[in-house]
Amino acid sequence: MRVEVFETYTDLSQRTADIVADLVRRRPDAVLGLPTGSTPEGFYRALVKADASFRQVRTFNLDEYVGLPQAHPQSYFSFMNSHLYSHVDLVPANCHIPNGMAVDPDAECRRYEDLIRQAGGLDVVVLGIGLNGHIGFNEPGSPWDARTRRVPLAENTRQANARFFGGSVDGVPSEALTMGIGTILEARQILLLASGEAKAEIIRRTLEGESDISVPATALQQHPNVTVLLDRAAARVLERTA
Ligand code: F6R
């Protein structure tokens, strides 16, 4: 894995946007795998200012909460709409997020996998990382060949995300639909972003620890084209870098 360390969160966000915008300029119909959460907010702020057209781009989000309608302010659809969709010339029909309200979630997950396959696979997937090492909502113990599926959220993930639901863990959905680690590993390029001191230890384990299913992000060690973009604080306890 290549590691790039930046002085500030703004710099790491800009660099991520530059990589993605560059891909879109070279490949106007690029297929992007996209995250939500706090970490990518700066990336989206920079991406919407990039000199690139998204007219033919296809996007696939990593995950969505089960039981939240699209219109819910904390749905990942709402997040994407306010951070990206409403600012660029993406065509709505090309923007995909698993449907957390699907009557048959298993069928929805199969449909999502088929859509990714029909699009020719992901050219790049941008990832954040959970404090427990999750990528997408693949919590510790997730098999590395897993495909898009319905998963329970770990208790510490629900606690970490309570800040988006008025501070109460009870408001955080207990399940999500997520791309699997197997789906993510098939992307041709992976960008893993982390910012802030709270992520420093899990970043150390991801980059320098043993590859093990108890830390899902260590699955990325086996992918040939991963760039890890960190700010100084997230890189603070790395031994071999920074
Ligand atoms: C979100 C996602 C999650 C987040 C992770 C970090 O789509 O897939 O894996 O990337 O929980 O979240 P933040 O960036 O809020 O710390």
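Keep in mind it's a predicted model, so treat the numbers as computed, not measured.

Visitor: Tell me about the site of the ligand, and please be specific about residues and values.
Guide: Near the ligand there are 14 residues, and of these Thr39, Asp63, His134, Gly136 and Lys199 occur at the shortest range. In this structure, His134 approaches the ligand through a side-chain N or O atom, which is 2.6 Å from an oxygen atom. In the environment of the ligand, an oxygen atom lies 2.7 Å from a nitrogen or oxygen atom belonging to the side chain of Lys199. Look at the ligand: alone it shows 410 Å² of surface, and the protein chains cover 93% of it. Classifying every residue of the shell around the ligand gives three nonpolar, eight polar and three charged.

Visitor: Describe in detail the nonpolar core, supporting the description with residues and values.
Guide: With 34 residues, the main nonpolar core has Phe60, Leu127, Ile184, Leu220 and Leu230 as its most contacted residues. If near-sequence neighbours (up to four positions away) are discounted, Ile184 is found in contact with Leu62, Val125, Leu127, Ile135, Asn138, Met179, Ile190 and Leu220. By size, the runner-up hydrophobic cluster in this structure holds 31 residues, among which are Leu12, Val20, Val24 and Leu34.

Visitor: Tell me what's going on with the packing of aromatic side chains, and back it up with residues and numbers.
Guide: Aromatic rings in a pair are described by how distant their centres are and how their planes are angled relative to each other. Summed over the entire model, instances satisfying the criterion amount to eight aromatic pairs. With 4.8 Å between their ring centres and 40° between their planes, Phe43 and Tyr44 make a pair best called tilted. Judged by its relative accessible area of 0%, Phe43 is buried. Of the aromatic side chains, those joined through ring pairs into one cluster are Tyr65, Tyr76, Phe137 and Phe165.

Visitor: Lay out the sheet that holds strand 4 (residues 63-65) with the relevant residues and their values.
Guide: Working definition: the strands of a sheet are paired by backbone hydrogen bonds and lie parallel or antiparallel to each other. In spatial order, the strands read 4-8-7; together these three strands make up an open sheet with antiparallel pairing. Of all the strands in the sheet, the pair left with one neighbour each is strand 4 and strand 7 (149-152). The average undirected angle you get between the axes of adjacent strands in this sheet is 30°. As paired strands, strand 4 and strand 8 (residues 175-178) are joined by three bridges and run antiparallel to one another. The partner of Tyr65 across the bridge, within strand 8, is Ala176.

Visitor: Please set out the side chain of Asn161 residue by residue, giving values where relevant.
Guide: Inspection of the secondary structure assignment puts Asn161 in helix 5 (residues 155-161). When its relative accessible area of 11% is taken as the criterion, Asn161 is described as buried.

Visitor: Kindly report on the pattern of salt bridges, identifying the contributing residues and their values.
Guide: Applying the stated rule across the entire model yields 16 salt bridges. For the salt bridge of Glu7 with Arg232, the shortest nitrogen-to-oxygen distance reads 3.1 Å. In this pair, Glu7 sits in the loop between strand 1 (2-6) and helix 1 (9-26) while Arg232 sits in the segment after strand 10 (226-231), placing the two residues 225 residues apart along the sequence. The partly exposed category is assigned to Arg232, whose relative accessible area is 38%. In this structure, Arg158 and Glu155 form a salt bridge, with 3.6 Å as the shortest nitrogen-oxygen distance. A residue pair is termed a helical-turn pair when its members lie 3 or 4 positions apart in one helix, as Arg158 and Glu155 do in helix 5 at three residues. We classify Glu155 as partly exposed; its relative accessible area is 44%.

Parameters and conventions
Residues numbered from 1 in each chain as written. Predicted model: local features only at pLDDT ≥ 70, side-chain atom pairs only at ≥ 80, totals over all residues. Heavy atoms only, no water. Near = heavy atom within 4 Å. Polar contact = N/O pair within 3.5 Å; in protein donor to acceptor, adjacent residues only side chain to side chain. Areas by Shrake-Rupley, 256 points an atom, 1.4 Å probe, with all protein chains shown as cover. Nonpolar A, V, L, I, M, F, W, Y, C, P; charged D, E, K, R; others polar. Core = buried A, V, L, I, M, F, W, Y, C linked by side-chain atoms within 4.5 Å. Buried < 20%, exposed > 50% of the residue type's maximum accessible area, 1.4 Å probe, protein only. Contact = heavy atoms within 4.5 Å. Phe/Tyr/Trp six-rings, centres within 6.5 Å; stacked < 30°, edge-to-face > 60°. Pairing = 2+ DSSP bridges. Helix = DSSP H or I, 4+ residues; strand = E, 2+ residues; numbered from the N terminus. Axes fitted to C-alpha atoms, helices over the stretch in contact; angles between N-to-C directions. Salt bridge = Lys/Arg side-chain N within 4 Å of Asp/Glu carboxyl O.

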